[in-house]
Protein chains: 2
Amino acid sequence: MNMKSSLTLLLTICTFLLYSSAELDGSLTYIWPLPEKSSSGNDTLSVDPELSLAVGGKGGDSSIIKDGFGRYKKIIFKHSSKSYPVNKRSVFDIGILKIVVLSDNEELQLGADESYFLLVEKRNGQSIIGEAYIEANTVYGALRGLETFSQLCAFDYETKTVQIYKAPWYIVDKPRFAYRGLLLDTSRHYLPINVIKQIIESMSYAKLNVLHWHIIDEQSFPLEVPSYPNLWKGSYTKWERYTVEDAYDIVNFAKMRGINVMAEVDIPGHAESWGAGYPDLWPSPSCREPLDVAKILLLILLELYIACEAMIMVAMLANGNCQSARYLRMKKGAWLLDHNMTTKDAYQYFVLRAQEIAISKGWTPVNWEETFNTFASKLNPRTIVHNWLGGGVCAKAVAKGFRCIFSNQGFWYLDHLDVPWDDVYKAEPLEGINDTSMQDLVIGGEVCMWAETADTSVVQQTIWPRAAAAAERMWSKREAISSGNITLTALPRLHYFRCLLNRRGVPAAPVTNDYARQPPTGPASCYEQ
Amino acid sequence: MNMKSSLTLLLTICTFLLYSSAELDGSLTYIWPLPEKSSSGNDTLSVDPELSLAVGGKGGDSSIIKDGFGRYKKIIFKHSSKSYPVNKRSVFDIGILKIVVLSDNEELQLGADESYFLLVEKRNGQSIIGEAYIEANTVYGALRGLETFSQLCAFDYETKTVQIYKAPWYIVDKPRFAYRGLLLDTSRHYLPINVIKQIIESMSYAKLNVLHWHIIDEQSFPLEVPSYPNLWKGSYTKWERYTVEDAYDIVNFAKMRGINVMAEVDIPGHAESWGAGYPDLWPSPSCREPLDVAKILLLILLELYIACEAMIMVAMLANGNCQSARYLRMKKGAWLLDHNMTTKDAYQYFVLRAQEIAISKGWTPVNWEETFNTFASKLNPRTIVHNWLGGGVCAKAVAKGFRCIFSNQGFWYLDHLDVPWDDVYKAEPLEGINDTSMQDLVIGGEVCMWAETADTSVVQQTIWPRAAAAAERMWSKREAISSGNITLTALPRLHYFRCLLNRRGVPAAPVTNDYARQPPTGPASCYEQ
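Residues numbered from 1 in each chain as written. Chains lettered and ligands numbered in written order. Predicted model: local features only at pLDDT ≥ 70, side-chain atom pairs only at ≥ 80, totals over all residues. Heavy atoms only, no water.

**A few points about the overall build of chain A**
Along the backbone of chain A there are 19 helices and 18 strands. For chain A, the proportion of its 529 residues judged to be buried stands at 65%. For chain A, contacts bridging at least 24 residues in sequence account for 74% of all contacts bridging at least 6. Counting every atom, chain A has about 18,600 Å² of accessible surface; 53% of that belongs to carbon and sulfur. (Helix = DSSP H or I, 4+ residues; strand = E, 2+ residues; numbered from the N terminus. Buried < 20%, exposed > 50% of the residue type's maximum accessible area, 1.4 Å probe, protein only. Contact = heavy atoms within 4.5 Å. Areas by Shrake-Rupley, 256 points an atom, 1.4 Å probe, with all protein chains shown as cover.)

Rendered as structure tokens:
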């Protein structure tokens, strides 16, 4: 009917006939990210749509387990239950999923144990664990096991049952890096709570575990700070804001999915929006950045973090860029003159003072790499250096004993739309770091979704599927995903995972488009675009 | 932090300061689509987060009402309930929403009564209905009233309560057209069930009431037909299919939201995919379209509609375009020779035969306009002509006594990305039809989301916000939305509605981009992009 159909007709005849008989490459393991160790067999097992949960261990009774099981049950049994005749129930191979959680410690912090063991096998009189079994040290490990279990389950359209192919499965799994992050920027464009939750949910599918929430920047200040009620007057509008309760809600929603929220308040540069509510914070009406160092110190240290205490892990991220520095140079404030400081001195003073206070509160300072590049020797040794400018920074940082997060903008800035999935996939946080004790200081990496040109309408397809490529890089063993031809070993699996995201309602974009988030160029299967 | 920030800095300073104090134009009514009649006042009423439902009337006990209320309560009270101190509860102005449904007839068909009356006012000892009250003849009218009620509710970030501004509200509302459709094409790209449900949910926000499900086309055949189990071998892959139960599930999901599903099986052209499972249906291996007329008649009439019986309203849509006709001309089959028919004769024979059978089953045939353009005098008078090729067709159709659906591709084909929101908005189904009895024959219109270049990753932002522009055109009074400067009267309201969609998790694109579904060009508020 569509005018375009005549144009695409000849092309699609071939594609269609070719693909209709396509099968998955049976030699690959369609679990994303790839587990550390897995073995499979040749059985096909059916899963009861009334699958029930049995728990064990000190941590098994957690609501995190119960809620997680409920979520995954909905995902696994998406097709209407009318598909399953009642009389077939008795013959399902898998009727119970048992989850054993050894510890009842639900603290979610950097390095929380995410390892798990997953077993799926045919009912067997001799087995004491039987059917489907997840064992983990923590609830968070169990959640990772649930995700893997859900990826083993596939709806079979012929039998209209959920089946697990290639059973028995024995999977022993844990992440390579403790920190596997995604940055969301809610200053350049406000993201509604619902949308942030959708993204958190999708992160859990790829086993990412840190939402780095870049709440505030120069364009808008959406967060409520109770003691300074005018600050969020810097929001774009009065409807584009987050209350303290919203922040709690998001942190709790993330925690239920084993995801840590690291809240960032970007200072002293990138903070123009603060002055909308408190114009005194601007050095002058014509020079709005960076904020007056003395005033901002008072504000930030006494009050803003009160609002952020909701966050499980609050990091201090201080930032100064050329832009800010230039402004500062143009307009030296009285404070600088009084203290006989250059702008560079003041920046350093600010960062170190903020670090001290963070440390005194038991927090870990995470600094964008500029502070390391400029005055590494002054930084507190507990500082985590967050790389972004380019390659080789983590190597330098860990050589000086600092921990490091890898976000090389050439590969892991998701707003760089011209980076194809395979460049994202191949970017290696340990590149150039050969000493194992130094390797241990690289705590992980993060893909960054800067939001200048990504609002609610496009943010998810800008994140996915490329964030998944980084997620496997950070979760799976380096040797398992770095050898061979990734077009054969990873690409079909990433296509499969992209379609899995789509089925779960996540609008992940075609994998192999020339630019990220481009629409498909013509009709075709999800599995080939 | 992002490299782009320096480029956008100077621009954003101005925008930000300008917008931060922006207020809505208080003279406009921020309800989309605009109600037929409404009056408002100057009160601000708070709504209890524990808002309870009271029902009345013969139809009040329906699960459609109960479920609808539950859905809208989640939408209205999206912010964490921690925002509402318990001791404030007693002072909320609106504690109960009463819904009275006069009829218990829940049949959902063309012309089902969607009118409603909505009242919201401060508690008043003298009022017998009080607070918040919806009255409707049917459950579907009540759902429209619930949507309007939800749009009156706004979360106020200062008081942290949901408030209704400009009360008391008296709204008397009904749609201008009975048929307000959206076409989804699941052949060019398969849409997972979850995604179809997301779209149905979003349709209800704009009071659209028909999902025209273009299930099958030449590229793929995703639907199960139980008696011909090989037909869905024409799906792209074995995971891109709909079971009969899925179809039931979707139809029921839509019905709960007052949305009719009109299933389309496009024949005899656009049906190449049928032959993947049954190669005999193709005229020959090298000529795959259109299907052999004799064979397809048998198939379609005996079996396919069995699968479609799940649909509340099954329409027959037959289609032949130039492409198909050309193929047919190139390869005259034995059937044509046996029956001494030209290809045109055969096409006409097929359509009329299908019409007869549809009518005999009590269905209403809806034909894409080609049948009307080619042999209008032969068509059954109950035929509904579905316009798509261009302007003036509905005028011709109603002049001959046929009913008509307006989908002029120059304005209402959503895959035409270069049509701006205001062209969509101004397209008028009654254009050129002045006689009121003829106007009555235009049952409505439909925006069409052809899916050659729209898959799960981009379908929603291609639909929204432009489908909303058409939705208001079809719902609201012509004179109310056609006069004045729509840049002042409609655009700010559409921006507001787009942001409402975003808040509800629907990735509606910026309103005023040069091309549909383009990302925003820079940082800004949702309300200005």
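Structure's up, so let's keep going.
**Quick notes on the packing of helix α2 (residues 63–76) of chain A against helix α3 (residues 139–152) of chain A**
All names here are of chain A. In contact at an axis separation of 10 Å, α2 and α3 are set at 10° when each is read in the N-to-C sense. Considering their axes alone, α2 and α3 lie roughly parallel with respect to each other. Each of I64, I65, G68, F69, R71, Y72 and I76 in α2 lies in contact with α3, whose residues at this interface are V139, Y140, A142, L143, L146, E147, F149 and S150. When its residues are assigned to classes, the contact of α2 with α3 shows eleven nonpolar, two polar and two charged. (Axes fitted to C-alpha atoms, helices over the stretch in contact; angles between N-to-C directions. Parallel < 35°, antiparallel > 145°, perpendicular 65-115°, else oblique. Nonpolar A, V, L, I, M, F, W, Y, C, P; charged D, E, K, R; others polar.)

**A few points about α3(A)**
All names here are of chain A. Taking 1.5 Å of rise per residue, 14 residues should cover 20 Å, and α3 covers 20 Å from first to last C-alpha, within 8% of that figure. A large share of α3 lies buried, amounting to 14 of its 14 residues. For α3, the N-terminal cap is T138; the gap from its side-chain oxygen to the backbone nitrogen of Y140 is 3.1 Å. (Expected span 1.5 Å × (residues − 1). Polar contact = N/O pair within 3.5 Å; in protein donor to acceptor, adjacent residues only side chain to side chain.)

**Brief notes about the pattern of salt bridges**
Counting across every chain of the model gives 39 salt bridges over all chains. As a salt-bridge pair, K160(A) and E224(B) come within 2.7 Å of each other at their nearest N and O atoms. Within this pair, whereas K160(A) is found in the loop between β6 (153–156) and β7 (161–167), its partner E224(B) is found in the loop between β10 (210–216) and α5 (244–255), the two belonging to separate chains. The exposure class assigned to K160(A) is buried, which follows from its relative accessible area of 12%. Residue E472(B) pairs with R493(B) through a salt bridge whose shortest N-O separation is 2.8 Å. Here E472(B) is found in helix α16 (residues 466–475), whereas its partner R493(B) is found in helix α19 (residues 491–503), with 21 residues between them in sequence. Accessibility classification places E472(B) together with R493(B) in one group, the buried group. A network of salt bridges, in which partner residues are shared, links R176(A), E428(A), R473(A) and R478(A). (Salt bridge = Lys/Arg side-chain N within 4 Å of Asp/Glu carboxyl O.)

**Thoughts on the domain arrangement of chain A**
All names here are of chain A. Looking at chain A, the domain boundaries give domain 1 (37–173) and domain 2 (179–318 + 331–486). The interface of domain 1 with domain 2 comprises 19 residues on the first partner and 20 residues on the second. With both chains or domains summed, domain 1 and domain 2 bury close to 1,600 Å², and 55% of this area falls on carbon and sulfur atoms. Contact with domain 2 buries surface across domain 1, with L108, L110 and R144 losing the most and accounting together for 40% of the total. Between domain 1 and domain 2 we count two salt bridges in total. When the shortest N-O distance is used, the salt bridge between E201 and R71 registers 3.8 Å. Applying the counting rule to domain 1 against domain 2 returns nine residue pairs in polar contact (both at pLDDT 80 or more). Only α2 and α3 provide two or more residues apiece to the side of domain 1 that touches domain 2. (Domains from an automatic or database assignment. Buried area = accessible area lost by both parts, 1.4 Å probe.)

**Observations regarding the pairing of strand β8 (residues 169–173) of chain A**
Residues and elements named next belong to chain A. Burial of β8 is one-sided: the residues W169, I171 and D173 facing one way are buried, the residues Y170 and V172 facing the other way are not. Where strand β4 (residues 116–120) lies against β8, five bridges are found, and the strand directions are antiparallel. Across the sheet, L118 pairs through a bridge with I171, a residue of β8. (Pairing = 2+ DSSP bridges.)

**Observations regarding the packing of aromatic side chains**
This model, assessed by the stated rule, comprises 34 aromatic pairs over all chains. A ring pair is formed by W32(A) and F497(A), whose centres lie 6.2 Å apart and whose planes are at 20°; its orientation type is stacked. Of the two residues, W32(A) is situated in the loop between α1 (4–20) and β1 (37–39) and F497(A) in helix α19 (residues 491–503); the sequence distance between them amounts to 465 residues. By relative accessible area, W32(A) is classed as buried at 1%. Between W213(B) and Y242(B), the aromatic rings sit 5.1 Å apart at their centres with planes inclined by 85°, giving edge-to-face as the arrangement. Here W213(B) is found in strand β10, whereas its partner Y242(B) is found in the loop between β10 and α5, with 29 residues between them in sequence. Looking at W213(B), the relative accessible area reads 1%, which means it is buried. On the basis of relative accessible area, Y242(B) is assigned to the buried category, the value being 0%. (Phe/Tyr/Trp six-rings, centres within 6.5 Å; stacked < 30°, edge-to-face > 60°.)

**Here's the deal with the side chain of E201(A)**
Residues and elements named next belong to chain A. Take E201: it is sitting in helix α4 (residues 193–205). In this structure E201 comes out as buried when scored by relative accessible area, which is 16%. A polar side-chain atom of E201 sits 3.5 Å from a polar atom in the side chain of Y205. What E201 contacts, discounting residues up to four positions off in sequence, is R71, F253 and R257.

**Overview of the layout of surface pockets**
What the largest pocket holds in volume is close to 1,900 Å³. Forming the walls of the largest pocket are 41 residues, and the residues nearest its centre are K74(A), Q198(A), E201(A), K74(B) and Q198(B). Going through the elements one at a time, α2, α4 and α5 (244–255) of chain A together with α2 (63–76), α4 (193–205) and α15 (459–463) of chain B are the ones with two or more residues in the lining of the largest pocket. With six residues, the top contributor of residues to the lining of the largest pocket is α4(B). Considering only residue class, the lining of the largest pocket consists of twelve nonpolar, 14 polar and 15 charged. (1 Å grid on protein atoms, 1.4 Å probe; cavity = no way out; pocket = protein on both sides within 12 Å on 5 of 7 lines; lining within 4 Å. Points joined across faces, edges and corners; volume = space filled by probe spheres on them.)

**So, the sheet that holds strand β7 (residues 161–167) of chain B**
Each strand in a sheet pairs with its neighbour through backbone hydrogen bonds, running either in the same direction (parallel) or in the opposite one (antiparallel). Residue and element names in this part refer to chain B. Taken in spatial order, the eight strands line up as β1-β8-β4-β5-β3-β2-β7-β6 in an open sheet, and their pairing is mixed. Edge positions in the open sheet fall to β1 (37–39) and β6 (153–156), since each of these has one partner strand only. When the angles between neighbouring strand axes are averaged without regard to direction, this sheet yields 30°. Sheet topology places strand β4 (residues 116–120) next to strand β5 (residues 132–136); five bridges connect them, and they run antiparallel. In the strand pairing of β5, F117 is matched with E135. Contacting β2 (43–56), β3 (94–101), β4, β5, β6, β7 and β8 (169–173), helix α3 (residues 139–152) runs over the sheet at an angle of about 35° to β4.

**Details of unusual backbone geometry**
Of note, the bond from W464(A) into P465(A) is cis; its omega dihedral lies within 30 degrees of zero at 10°. Tracing the chain through its elements places P465(A) in the loop between α15 (459–463) and α16 (466–475). Of note, the amide linkage connecting W32(B) to P33(B) takes the cis form, showing an omega dihedral of -5°. Among the secondary structure elements, P33(B) is positioned in the loop between α1 (5–20) and β1. If you check the backbone angles, R517(B) has positive phi at about 55° while not being a glycine. Locating R517(B) in the fold gives a position in the segment after α19. Residue R517(B) is classed as buried on the basis of its relative accessible area of 12%.

**What about the state of the cysteines?**
Residues and elements named next belong to chain A. Counted by the stated rule, this structure contains four disulfides over all chains. Bridging C394 to C404, the disulfide has an S-S length of 2.0 Å. On the sign convention where negative is left-handed, the bridge of C394 and C404, at about -75° about the S-S bond, is left-handed. A residue pair is termed long-range when its members are at least 10 positions apart, and C394 in helix α11 (residues 393–399) and C404 in strand β17 (residues 403–406) qualify at ten residues. (Disulfide = S-S within 2.5 Å.)

**Points about the sheet that holds β7(A)**
All names here are of chain A. Read from one edge of the open sheet, eight strands run β1-β8-β4-β5-β3-β2-β7-β6, paired in mixed fashion. Where the open sheet ends on each side, the last strands, each with one partner, are β1 and β6. The average angle at which neighbouring strand axes cross in this sheet is 30°, direction not considered. The sheet contact formed by β6 and β7 spans four bridges and is antiparallel. Counterpart to D156 in the pairing with β7 is T161. In this fold α2 packs onto β2 (43–56), β3 (94–101), β6 and β7, with an angle of close to 155° to the strand it touches most, β2. Relative to β4, α3 is tilted by about 35°, and along the sheet it contacts β2, β3, β4, β5 (132–136), β6, β7 and β8.

**Some thoughts on the environment of S63(A)**
All names here are of chain A. Tracing the backbone through its elements, the reader meets S63 in helix α2. Placed 193 residues apart in sequence, S63 and M256 show a C-alpha to C-alpha distance of 8.4 Å. Setting aside its immediate chain neighbours within four residues, S63 contacts G68 and M256.

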